[in-house]
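Here are the chains, one letter per residue:
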Amino acid sequence: QKEVEQNSGPLSVPEGAIASLNCTYSDRGSQSFFWYRQYSGKSPELIMFIYSNGDKEDGRFTAQLNKASQYVSLLIRDSQPSDSATYLCAVTGYSGGGADGLTFGKGTHLIIQP
Amino acid sequence: NAGVTQTPKFRILKIGQSMTLQCTQDMNHNYMYWYRQDPGMGLKLIYYSVGAGITDKGEVPNGYNVSRSTTEDFPLRLELAAPSQTSVYFCASRLAGNTGELFFGEGSRLTVL
């Protein structure tokens, strides 16, 4: 049983600061790692994915992956009130090319304080 | 481009009733999924399909059934609805062989009373 763990929060961050979201996963065979943003009452939308160790940057977002520690993080620079949402970490396995979909964490509720 | 379309968006059922949640995608994606999301929880996989005629159970399949007669459609059937099935249901799809990114429908909010 693959497990993905996240601190549920809420995580409160002042506007303009860096928000740091963390995730650990149990399956060492996991291949790809995703961060989804979900606004209340809406469906998840992809923010970033990463599959190699190290950092991946996209605008204000940076995903970090450490497979040895089974740890994924998302940094949001210059946080804006519009970033207030729940952030879901998800991973895909190796077997079947990940056909059995993504395993999601419970999400971290992020609040950006103006 | 419509993407993934789910119907209905909202539904109230009585205990013991049955219903079908419809899901269709127009992106020619091979893989389709049904997830449920309970308040404050992540998404749990109910069933998935890797192509027409092929379905498999996910983490929480009890009380549900699916079929995949075409590439586009992946309906989820609830038999004998129970209060424990009160949830938000998301259909998702993706191409085979890509990085695994899922494209989600807008969700169907189901309440069983």
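In what follows, the structure referred to is the one given above.
Computed from a predicted structure; not experimentally measured.

Check the secondary structure of chain A and you find zero helices and 11 strands. The globule rule puts the C-alpha radius of gyration for 114 residues at 13 Å, and the 14 Å found for chain A is close to it. When its C-alpha atoms are laid out on the principal axes, chain A stretches across 45 × 30 × 20 Å. Looking at the 114 residues of chain A, the share that counts as buried comes to 46%.

For the rest of this paragraph, the subject is the interface of chain A and chain B. Accessible area lost on assembly of the parts is the figure often given for the size of an interface. Across the boundary between the two partners, chain A contributes 24 residues, which contact 22 residues of chain B. When the buried area of chain A at its contact with chain B is split by residue, A:Ala99, A:Phe104 and A:Lys106 rank highest and sum to 28% of it. For the interface between chain A and chain B, the tally reads zero salt bridges. Listing elements by their share of the side of chain A that touches chain B, those giving two or more residues are β4 (32-38), β5 (45-50), β9 (85-92) and β10 (102-104) of chain A. Here the side of chain A that touches chain B takes four residues from β4(A), the largest share from any one element. For the side of chain A that touches chain B, the per-class residue count stands at 10 nonpolar, 11 polar and three charged.

Below, the discussion takes up the nonpolar core. Soluble, globular proteins show a tendency: their nonpolar side chains are buried together. Among the nonpolar cores identified, the biggest contains 23 residues, and A:Trp35, A:Val72, A:Leu74, A:Ile76 and A:Tyr87 are the most heavily contacted of them. Beyond its immediate chain neighbours, meaning those up to four positions away, A:Leu74 contacts A:Ala19, A:Ser20, A:Leu21, A:Trp35, A:Met48, A:Phe61, A:Thr62, A:Ala63 and A:Tyr87.

Residue and element names in this part refer to chain B. Following the sequence through the fold, Val50 ends up in strand β5 (residues 43-51). Among the residues examined, Val50 registers a relative accessible area of 27% and is labelled partly exposed. As for Val50 and Ala96, which are separated by 46 residues in sequence, their C-alpha atoms are 7.9 Å apart.

All names here are of chain A. Both strand β6 (residues 54-58) and strand β7 (residues 61-66) contribute to a ladder of five bridges, which runs antiparallel. In the sheet register, Glu57 faces β7, and the bridge partner there is Thr62. Two successive antiparallel strands, β6 and β7, enclose a turn made up of two residues, where Gly59 displays a positive phi of approximately 65°. Summarising the sheet, β7 and strand β8 (residues 71-76) pair through six bridges and their orientation is antiparallel. Considered in β8, the bridge of Asn66 is made with Tyr71.

Attention now moves to the state of the cysteines. Counted under the stated rule, the structure contains two disulfides over all chains. Linked covalently through their sulfurs, A:Cys23 and A:Cys89 form a disulfide whose S-S length is 2.1 Å. With the S-S dihedral at roughly -75°, the linkage between A:Cys23 and A:Cys89 falls on the left-handed side. Here the residue A:Cys23 occupies a position in strand β3 (residues 19-25), and A:Cys89 occupies one in strand β9, the gap between them amounting to 66 residues. The class for A:Cys89 is buried, based on a relative accessible area of 0%. Shown here is the disulfide that connects B:Cys23 with B:Cys91, its sulfur atoms set 1.9 Å apart. As the torsion about the S-S bond is roughly -75°, the B:Cys23-B:Cys91 disulfide counts as left-handed.

Let's shift gears to the packing of aromatic side chains. The tally for this structure, following the rule as stated, stands at 13 aromatic pairs over all chains. Here A:Tyr25 and A:Phe33 contribute two aromatic rings whose centre-to-centre distance is 4.8 Å and whose plane-to-plane angle is 45°, an arrangement assigned as tilted. Each of the two residues, A:Tyr25 as well as A:Phe33, counts as buried. Plain terms: the ring middles of B:Tyr33 and B:Tyr35 are 6.4 Å apart, the flat faces sit at 35° to each other, and that makes the pair tilted. For the pair B:Tyr33 and B:Tyr35, a shared accessibility class is recorded, and that class is buried. Pairwise contacts between aromatic rings join A:Phe34, A:Tyr36, A:Phe49, A:Tyr51, A:Phe104, B:Tyr33, B:Tyr35, B:Tyr48, B:Phe90 and B:Phe104 into one cluster. The side chain of A:Lys56 reaches across the aromatic face of A:Phe49, ending 3.7 Å from its centre. One residue, B:Arg68, lies across the ring of B:Phe74, its end atom 6.0 Å from the ring centre.

The rules we used
Residues numbered from 1 in each chain as written. Chains lettered and ligands numbered in written order. Predicted model: local features only at pLDDT ≥ 70, side-chain atom pairs only at ≥ 80, totals over all residues. Heavy atoms only, no water. Helix = DSSP H or I, 4+ residues; strand = E, 2+ residues; numbered from the N terminus. Rg over C-alpha atoms; globule rule 2.2 N^0.38 Å. Buried < 20%, exposed > 50% of the residue type's maximum accessible area, 1.4 Å probe, protein only. Contact = heavy atoms within 4.5 Å. Buried area = accessible area lost by both parts, 1.4 Å probe. Salt bridge = Lys/Arg side-chain N within 4 Å of Asp/Glu carboxyl O. Nonpolar A, V, L, I, M, F, W, Y, C, P; charged D, E, K, R; others polar. Core = buried A, V, L, I, M, F, W, Y, C linked by side-chain atoms within 4.5 Å. Pairing = 2+ DSSP bridges. Disulfide = S-S within 2.5 Å. Phe/Tyr/Trp six-rings, centres within 6.5 Å; stacked < 30°, edge-to-face > 60°. Lys NZ or Arg CZ within 6 Å of the ring centre and 35° of its normal.

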